[in-house]
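# A closer look at the structure
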Amino acid sequence: MKESRGKARIGATVIAVGVALAIMAAFRMSSSHALTAAETSQTFVVDLGGNSVTIYAPGSDGTDPSTVTTVSGQNTGFEAPVAIAIAPTGIAGLTRFYTTICGKVCGGTGPASVNRYDFYIPDGGGTFDVDPAAVIKGDDTGLDEPIGVALDSSGNIYVANDFGGESGLGSVTVYPFGSNGNVTPITKITGGKTGFDFPTGIALDSSRNIYVTNCGVDCNGSNARSVEIFAAGSSGNVRPTATITGGQTDLAFPFGIALDSGGNIYVANEIGGENGLGSVTMYPAGSNGNVAPTATIAGHMTALDSPTGIALDADANIYVANLNSNSVTVYAAGTDGNIAPTATIAGKDSGIDMPYGIALPAASITATPTASISATPTPSISPTATATSTGVTPTATATPTATPTPGGGRIEVSPKTLNLKAAPSAMVSGTVTITNVGSGPLNVTVPAPKDPPFTETGGGSFELNSGAQDDVTIVYSPTKKGSTSSTITITSDDPTKKNGVKVKIKGKAK
């Protein structure tokens with residue numbers, strides 16, 4: 001969620017909320033679908049707009065304040081919270097949850113962090129200003145726009161960072177249970193081989209294999225939108241064991257991700273679907289390549305409206321946080337098509353305000369927390385032929401078709417992300433190298449950055465012969481403390497890069 005796109009999207013959402021709330025009324029349940037405690041789980045929602053976490057009692061539709069508990073206030077340290085994960089405590093009545101704090105780049109005022117809260121949820125609802133029990137933050141943590149969070153059965157904390165890392169295209173950082181302060185991650189997945197390009201959501205299966213949604217081109221990245229899957233214990237610049245990507249997948253701004261007990265994969269797509277308001281797509285365990293979803297929830301009857309967060313209960317019922325309509329919609333296990341939700345949480349008393357993350361109590365995580373990742377890394381994920389508990393029939397995995405490469409010039413740009421640091425009133429520069437790796441001449445155009453305090457030299461339009469390269473210098477001259485980001489799109493007559501190559505530029509002055 002870069003400053004250039006994250007804040008713009010947030011602003012657009014705020015404008016749309018008034019309209020979305022009116023539209024949403026048409027989708028609310030009739031009295032014949034009244035909720036009962038048996039129909040829905042206790043539900044936790046993290047609200048970016050409200051700087052809060054709202055907790056709903058089983059059966060709550062958000063209209064009765066006594067069934068809504070809100071964690072909010074100055075003591076919480078909520079500065080643009082985005083994601084949430086719940087861990088069991090083994091102590092009766094005590095709830096433990098983790099939130100990622102995106103901080104300044106997402107509209108907050110503080111640094112990025114991962115906060116842990118230990119909280120007894122009272123009867124009767126209310127608003128509570130709770131101090132975090134632990135805060136992971138600081139330069140050594142590797143946190144950089146943390147967007148997703150997940151826990152394994154030992155309490156280790158997995159974070160999807162949609163920026164930074166070795167390649168500047170994001171990372172997954174892992175911290176042991178009990179982490180607090182400026183701690184170094186015990187494991188970090190990052191680098192060009194990972195396929196990361198704005199990773200947003202993260203989930204783990206029962207074997208601790210790691211599933212990451214990549215926003216890619218939908219977030220002004222260069223790579224295709226995808227789901228990247230890594231073996232348990234993966235570390236460093238490693239290739240995923242499987243990648244779900246391609247036109248048949250129907251991925252469109254993939255954000256949240258969840259798995260059921262059979263390893264089937266559920267993705268919340270913020271856009272796309274029948275009416276362009278988003279979708280939930282499902283893929284069988286072991287999926288790889290350009291595979292079509294086995295089930296899709298989309299269309300006007302679904303009440304989906306920019307779905308961002310997704311979670312499943314023990315029966316594989318599907319809970320979705322809708323960013324634009326400030327709602328949570330719930331679907332029965334195995335739902336496929338333009339189907340109305342079985343339950344909805346919404347309304348002015350619900351406290352939902354720009355919901356991003358959603359989580360349900362993790363009763364299945366019962367192992368004693370340890371200070372290290374104890375799973376044995378596996379070289380690959382063993383696909384299962386049968387989906388369980390979802391009612392979804394798996395389909396055969398499609399084999400990607402290779403695309404022939406025509407002749408002529410071919411552009412290669414390095415790096416795709418440039419991180420620059422300087423003190424206020426000082427100046428620092430970095431180099432972007434453009435190489436023609438094709439067999440013929442290549443015509444290139446490099447624009448100047450639109451956002452001060454960045455400038456460039458050596459750009460403009462030029463021709464590169466086969467094997468030749470040219471350096472473009474990006475200069476960062478900050479006038480005050482803070483972070484700034486920009487993107488330039490380098491275009492050429494390379495027919496395989498018709499949309500150009502985007503280079504992200506991030507400056508930090510302190």
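Right, let's walk through the structure included here. From a predicted model like this one, the values you see are computed outputs, not experimental measurements.

Conventions used here
- Residues numbered from 1 in each chain as written.
- Predicted model: local features only at pLDDT ≥ 70, side-chain atom pairs only at ≥ 80, totals over all residues.
- Heavy atoms only, no water.
- Helix = DSSP H or I, 4+ residues; strand = E, 2+ residues; numbered from the N terminus.
- Buried < 20%, exposed > 50% of the residue type's maximum accessible area, 1.4 Å probe, protein only.
- Contact = heavy atoms within 4.5 Å.
- Areas by Shrake-Rupley, 256 points an atom, 1.4 Å probe, with all protein chains shown as cover.
- Disulfide = S-S within 2.5 Å.
- Phe/Tyr/Trp six-rings, centres within 6.5 Å; stacked < 30°, edge-to-face > 60°.
- Pairing = 2+ DSSP bridges.
- Axes fitted to C-alpha atoms, helices over the stretch in contact; angles between N-to-C directions.
- Core = buried A, V, L, I, M, F, W, Y, C linked by side-chain atoms within 4.5 Å.

### What to know about the overall build of the protein chain
Scanning the protein chain for helices and strands turns up one helix and 34 strands. Of all 510 residues assigned to the protein chain, the portion counted as buried reaches 53%. Partitioning the contacts of the protein chain with sequence separation of at least 6, the portion at a separation of at least 24 is 61%. Carbon and sulfur atoms form 52% of the exposed surface of the protein chain, whose accessible area is close to 19,900 Å².

### Quick look at the state of the cysteines
Counting across every chain of the model gives two disulfides. The disulfide bridge from Cys-102 ends at Cys-106, spanning 2.0 Å between sulfur atoms. The sign of the S-S torsion, about 45 degrees, decides the handedness of the disulfide formed by Cys-102 and Cys-106: right-handed. In terms of burial, Cys-102 and Cys-106 fall into one category: buried. The residue that forms a disulfide with Cys-215 is Cys-219, at a sulfur-sulfur distance of 1.8 Å. Sign of the S-S torsion, about 80 degrees for the bond between Cys-215 and Cys-219, identifies this disulfide as right-handed. Once the disulfide-bonded cysteines of the protein chain are ranked by sequence position, their pairing pattern turns out to be 1-2, 3-4.

### Quick word on the packing of aromatic side chains
Two measures describe an aromatic ring pair: the distance that separates the ring centres and the angle between the ring planes. The final tally for this structure, using the stated rule, is seven aromatic pairs. Here the aromatic residues Phe-44, Phe-78, Phe-97 and Tyr-117 are joined through ring pairs into a cluster of three or more.

### Things to note about the sheet that holds strand 20 (residues 295-297)
The four strands lie next to each other as 17-18-19-20, forming an open sheet whose pairing is antiparallel. The sheet is open, and its two borders are formed by strand 17 (254-259) and strand 20, each paired with just one other strand. Taken over all neighbouring pairs, the strand axes of this sheet differ in orientation by 20 degrees on average, direction set aside.

### Re unusual backbone geometry
Residues Ser-414 and Pro-415 are joined by a peptide bond in cis, for which omega reads -5 degrees. Of note in this structure, Asn-51 is not a glycine but carries a positive phi near 45 degrees. Its place among the elements puts Asn-51 in the loop between strand 1 (43-47) and strand 2 (52-56). Note on Asn-51: relative accessible area 26%, which makes it partly exposed.

### A look at the sheet that holds strand 24 (residues 343-345)
Taken in spatial order, the four strands of this open sheet run 21-22-23-24, and their pairing is antiparallel. The open sheet has two edge strands with one neighbour each: strand 21 (307-312) and strand 24. Each adjacent strand pair in this sheet contributes to an overall mean axis angle of 20 degrees, direction not counted. Sheet topology places strand 21 next to strand 22 (residues 318-322); five bridges connect them, and they run antiparallel. Considered in strand 22, the bridge of Ala-311 is made with Tyr-319.

### Section: the nonpolar core
Counting residues in hydrophobic clusters, the biggest one holds 22 residues, and the most contacted among them are Ile-411, Val-413, Ile-434, Val-444, Val-446, Ile-474 and Ile-490. Only strand 26 (411-414), strand 27 (417-422), strand 28 (428-436), strand 29 (442-446), strand 31 (460-464), strand 32 (469-476), strand 33 (482-492) and strand 34 (501-509) provide two or more residues apiece to this core. Tallying contributions element by element places strand 34 first for this core, with four residues. For Val-446, the contacting residues outside a window of four places in its chain are Ile-434, Glu-456, Gly-459, Gly-460, Phe-462, Val-472, Ile-488 and Ile-490.

### Examining the environment of Ala-57
One can find Ala-57 in the loop between strand 2 and strand 3 (68-72). Accessibility expressed as a relative area gives 29% for Ala-57, which makes it partly exposed. Each C-alpha atom of the pair Ala-57 and Gly-125 lies 8.8 Å from the other, and the pair is 68 residues apart in sequence. In this view, Ala-57 contacts Gln-42 and Thr-67; residues no more than four positions away in its chain are not counted.

Taken by themselves, the reported measurements are silent on function.
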